[in-house]
Amino acid sequence: MLVCKKIRLKLKKADMTALNEMSRWARWHYNYILSERIDYYKEHKKTLNLYEHKKGLKVIRQDYPEINCVHKAILHNNYFRLNTAFQNFFRRLKGNEKPGFPRFKSRFRDWFSLNFDNYIKVEGQTITIPTGGRGKTKRFSNITAKLQEAIPESQGQTTITSDGKNFFVVFIAEIQEAEKVENNETIAMDLGVKTLVSAITSDNQIITTKAWSGRRYFQKTVDNLKSKRDAGIKGSNKWQRNQSVIQRTIRKGINKRTDYLHKVAYYYTARRVERTIVIGDLKVKEMRSVSKKLNRAVQNDWVVADFSRMLEYKSKKFGKDFYKISERGTSKTCSQCGYQQEMPLFVRVYRCPKCGLEMDRDCNSARNILHRFIARSEPQETVSMRIAA
């Protein structure tokens, strides 16, 4: 099974400056080739071929020698990244989805990651990161960094990224899956925003787990900081100081939320005995159409997708079977007699007028998901993807 292992780096200040400068010029190069591709389409009314586009790199390096501080692998990967962005754009356009045209990368947003392929050398707990240029044109010397944890046994493609303060190396590695758990027990889960997990087992045991409780606190704190930042001139020293505080606060909130999700996913996959884990396939689009009041929680803090990915790879890691099935209609259907009724989002308890069942709506939905899985009323497929650890 392929996973992405993210490890924090211990760097000197000079090396941090070098990586930030490389990221800045790599972002500039990405924006430059994006503008080239847009101008080419406007002039010729057709898209520029990937390999024809790559031939212009030599000219760019001659015209802008500052870009030579960036390693060649990063510049070559920029063309593939841009090409993938356009392929996704045309795929969404063809499927009548929201297209999402490739955007220019802003220096005020996320740090531009550096994809080195297999050029990074690893020796024990030390890695060597190559920089661009040769001889007199080499602006930065190769960077040596210490790893904060053990690396995977087999590493593939490597990427350097940053959250604005700390730097990380991401390895694509293959890990061995555990042997399958030997029992026939099943647990079905209904995932949500306020109650993260409402689960029911095949022996009718109900388990609920609340969502991370710090979401509103961090949202309010970030809103106040943004108001303070926007009172100044964008790009000024004061604006940048406030922006760094905002990024630090957001980063702290994301780290706390991710830690909570990992702990919950570990409980359901490693500590519980059920061999089969079934979840409802809840999509962002469906939640948007349900309630406008939930839009911020859904669009900005959509933890369900992250949590389902964690469940997915941890299930494989600990020898469990993982399934996703459609949960359409599970909240409206009585899990005891099958009667259907409308259930607005503010109604949190399912009361069946036919059989008298009274049950939490999410637990009722989880029981319907379990029944649907056992009955195999719809085709299911075991999910197999590359998942981030």
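Everything quoted here is computed from the prediction, not taken from an experiment. Throughout this document, residue positions are counted from 1 along each chain, in the order its sequence is written. The model is predicted, so local features are restricted to residues of pLDDT at least 70 and side-chain atom pairs to those at 80 or more, both for listing and for counting; the totals for chains, interfaces and linings are taken over all residues. Each side-chain value is worked out from all heavy atoms of the structure, with water and hydrogens disregarded.

A. Representation of the nonpolar core. What makes a nonpolar core is a set of buried Ala, Val, Leu, Ile, Met, Phe, Trp, Tyr and Cys residues whose side-chain atoms join them at distances within 4.5 Å. Exposure classes here rest on a 1.4 Å probe applied to the protein chains alone. A residue is buried below 20% of its type maximum, exposed above 50%, and partly exposed in between. Counting 38 residues, the largest nonpolar core has L9, L19, L114, I129 and I160 as its most contacted members. Broken down by secondary-structure element, the contributors of at least two residues to this core are strand 1 (2-10), helix 1 (13-44), helix 3 (57-63), helix 4 (72-94), strand 2 (114-117), strand 4 (126-129), strand 5 (143-147) and strand 7 (167-174). Strands are runs of DSSP state E lasting at least 2 residues, helices are runs of H or I lasting at least 4, and numbering of each runs from the N terminus. The element that contributes the greatest number of residues to this core is helix 1, accounting for nine residues. By definition in these notes, contact holds between two residues if any of their heavy atoms fall within 4.5 Å. Leaving out residues up to four positions away in the same chain, L114 has contacts with L19, M22, S23, A26, I74, T158, T159 and I160. Core analysis: the next-biggest nonpolar cluster, separate from the first, contains 23 residues, M1, Y268, I279 and Y313 among them.

B. The state of the cysteines, seen in detail. The definition used for a disulfide is geometric: two cysteine sulfur atoms within 2.5 Å. Under the defined criterion, the tally for this structure stands at zero disulfides. No disulfide involves C352; its nearest neighbouring cysteine sulfur is the one of C337, lying 3.6 Å away. Given the relative accessible area of 5%, C352 is considered buried.

C. Representation of helix 5 (residues 215-230) within the structure. With 16 residues, helix 5 extends 22 Å between its outermost C-alpha atoms, agreeing within 8% with the 22 Å of an ideal straight helix rising 1.5 Å per residue. Those residues of helix 5 that sit buried are F218, Q219, V222 and R229. All buried residues of helix 5 lie within an arc of 100° about the axis, which places them on one face of the element. Among the exposed residues of helix 5, those pointing more than 90 degrees away from its buried face are R216, Y217, K220, N224, S227 and K228. One fewer than the residue count of a helix, multiplied by 1.5 Å, yields its expected span. The directions from the helix axis to the C-beta atoms are what the arc is built from.

D. Structural view of the pattern of salt bridges. Salt bridges are counted wherever a side-chain nitrogen of Lys or Arg sits within 4 Å of a carboxyl oxygen of Asp or Glu. According to the stated counting rule, one finds 14 salt bridges in the structure shown. With a shortest N-O distance of 2.7 Å, D321 and K180 are connected by a salt bridge. You can see D321 sitting in strand 12 (residues 321-325) and its partner K180 sitting in the loop between strand 7 and strand 8 (186-191), a full 141 residues away along the chain. Overall, K180 belongs to the partly exposed group, its relative accessible area being 42%. Note that R275 is salt-bridged to D321, the shortest N-O span being 3.3 Å. On the criterion of sequence distance, the pair formed by R275 in the loop between helix 6 (237-271) and strand 11 (276-280) and D321 in strand 12 is long-range, its members being 46 residues apart. Overall, R275 belongs to the partly exposed group, its relative accessible area being 24%.

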